[in-house]
Amino acid sequence: MKSIDRYMARLIAVPLFSTLLIAVMLFVLDRMLGLFNFVATQGGPISVVWRMLANLLPEYLGLGIPIGLMLGILLAFRRLSTSSELDVLRGVGMSYNRLLRVPYMYTIALALLNLAIVGYVQPIARYYYEGLRFELRTGALGASIKVGEFTNLGSKMTLRIEESKDKGRELSGIFVHAQSQNGDWLGVTAEKGKFLATDDPNVIIFRLANGTLVHNRPEFKTPRVLTFTSHDLPINLPKFESFRVRGGRNLEYTLPELAKQGQRGATLEQRDGSRSEFHFRLAEVATMFLLPLLALALGVPPKRSSSALGVFLSIVMIVTYHKVNQYAADVGELGRIDPIVALWVPFTIFAGLILWMYYTIAYVPGGQPIGALERVFSKTFKAITKRIPGFRKSKAA
């Protein structure tokens, strides 16, 4: 690499990876609180939150990489332009096509990485994430019995405890209500208790101390009452259903699996859904090859202007296009429009807009694709600031 290429690589690297890190952190923080509430509600261990977040990271990287690439290249060209270095480079005969060599090196590497993530890693990680949610809901993670609440162990037994110590090893203030198939029921209160394992993995012993047991059945005139110092109560653990196999949703299929499902799906609905998800992922990756052109067109402000409108507009454009793609994929999944038409027509329009913007700035003398927007933005900003009390005075001071 020549010195200018190394310089461009450094200019792009810092904002690119900083933006990617910040974007992923924001996604994680946004989801973290919800996961903590979900795990706490289900009574699961806090450590499972980090496992769930780890399985969501590929999804966040798939969203953050295009944004980081866009802002990294845009801010690099903006810095070259505002420091007049871009004028020097252009003055010595270096074209915009030549300056895009390093940005496209980043683009090719990150596009391949993103293809691997959205095509292979993200579907499997999503399946593991859904598996953890399932295990929490069914109690398969060994979620503890909630203190002060009625907990159902199967359909025939209800348990409530007032206090739990030593990670559930010491329980106190115990109430148990159990029913049998022949109409018997037991009501037990005890001062203390603890769970003991048995040779049968589906049965545990609840050893109670210092309590009262009430036993009733239809033929009893009055319930029998027993006071005990120690009593073993067998508990049949509820049988949890197994988690489904991977592929219950299109999000859990890899790209080759989606391609196969799109051709050989059992129903037309399955084929449309798989084709929509397949083309959605490919369109998202293909869009990354347009981002360097868009970043350059928006990163170079008009002469004698330091407006950051291009930065704002770039984020709006890429987020809007992503939402349009999502809507197109949903429409294609419903079978209303062929997925190829639904997803690649917006891509073609978006690509045409970007190519026009790049042609305007690179080949039209004095061309500025967002010059009109810059002027409108500048006039609007000045009109607003004139009406802000004290703004002109503080600016003059």
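Computed from a predicted structure; not experimentally measured.

A.B. asks: Can you tell me about the packing of helix H6 (residues 255-264) against helix H7 (residues 268-287), naming the residues and giving the values?
C.D. replies: Closest axis-to-axis distance for the H6/H7 pair is 7 Å, and the angle between their directions is 145°. Every pair of crossing elements has a handedness; the one defined by H6 and H7 is left-handed. Where H6 approaches H7, its residues Leu 255, Leu 258, Ala 259, Gln 261, Gly 262 and Gln 263 are matched on the opposing element by Gln 270, Arg 271, Ser 274, Arg 275, Glu 277, Phe 278, Arg 281 and Leu 282. Each residue belonging to the contact of H6 with H7 can be placed in one class, and the counts come to five nonpolar, five polar and four charged.

A.B. asks: Can you break down the UniProt feature "transmembrane region" (unreviewed entry) in the protein residue by residue, with the values?
C.D. replies: In the numbering used here, UniProt assigns the "transmembrane region" (unreviewed entry) feature to residues 7-29, 60-77, 104-129, 278-299, 305-321 and 341-359. A helix fraction of 100% and a strand fraction of 0% characterise residues 7-29, whose end C-alpha atoms lie 34 Å from each other. The distance from the first to the last C-alpha atom of residues 104-129 is 34 Å, and the span holds 100% helix and 0% strand.

A.B. asks: How would you explain the pattern of salt bridges if you had to name every residue and give the values?
C.D. replies: Per the stated rule, a full pass over the model turns up 10 salt bridges. The residue Arg 101 makes a salt bridge to Asp 5 at a minimum N-O spacing of 3.8 Å. Taken together, the residues Arg 101 in helix H5 (residues 101-138) and Asp 5 in helix H1 (residues 3-42) connect sequence positions 96 residues apart. A relative accessible area of 4% places Asp 5 in the buried class. A salt bridge links Arg 160 to Glu 162; the shortest N-O distance between them is 2.3 Å. Take Arg 160: its relative accessible area is 22%, and that puts it in the partly exposed class.

A.B. asks: So what about the packing of aromatic side chains? Which residues, and what values?
C.D. replies: For the coordinates displayed, the defined rule picks out seven aromatic pairs. Plain terms: the ring middles of Phe 27 and Tyr 60 are 5.4 Å apart, the flat faces sit at 20° to each other, and that makes the pair stacked. One end of the pair, Phe 27, is in helix H1; the other, Tyr 60, is in helix H2 (residues 47-82), with 33 residues separating them in the sequence. Among the residues examined, Phe 27 registers a relative accessible area of 27% and is labelled partly exposed. Their ring planes at 50° and their centres at 5.9 Å tell us that Tyr 127 and Tyr 128 sit as a pair that is tilted. Every member of this aromatic cluster is reached through a ring pair, and the members are Tyr 358, Tyr 359 and Tyr 363. Sitting over the ring of Tyr 96, Arg 90 keeps its end group 4.2 Å from the ring centre.

About the criteria used
Residues numbered from 1 in each chain as written. Predicted model: local features only at pLDDT ≥ 70, side-chain atom pairs only at ≥ 80, totals over all residues. Heavy atoms only, no water. Axes fitted to C-alpha atoms, helices over the stretch in contact; angles between N-to-C directions. Helix = DSSP H or I, 4+ residues; strand = E, 2+ residues; numbered from the N terminus. Left-handed = near helix turned anticlockwise from the far one by under 90°. Contact = heavy atoms within 4.5 Å. Nonpolar A, V, L, I, M, F, W, Y, C, P; charged D, E, K, R; others polar. UniProt positions renumbered as here; feature names shortened; annotations may be inferred. Salt bridge = Lys/Arg side-chain N within 4 Å of Asp/Glu carboxyl O. Buried < 20%, exposed > 50% of the residue type's maximum accessible area, 1.4 Å probe, protein only. Phe/Tyr/Trp six-rings, centres within 6.5 Å; stacked < 30°, edge-to-face > 60°. Lys NZ or Arg CZ within 6 Å of the ring centre and 35° of its normal.

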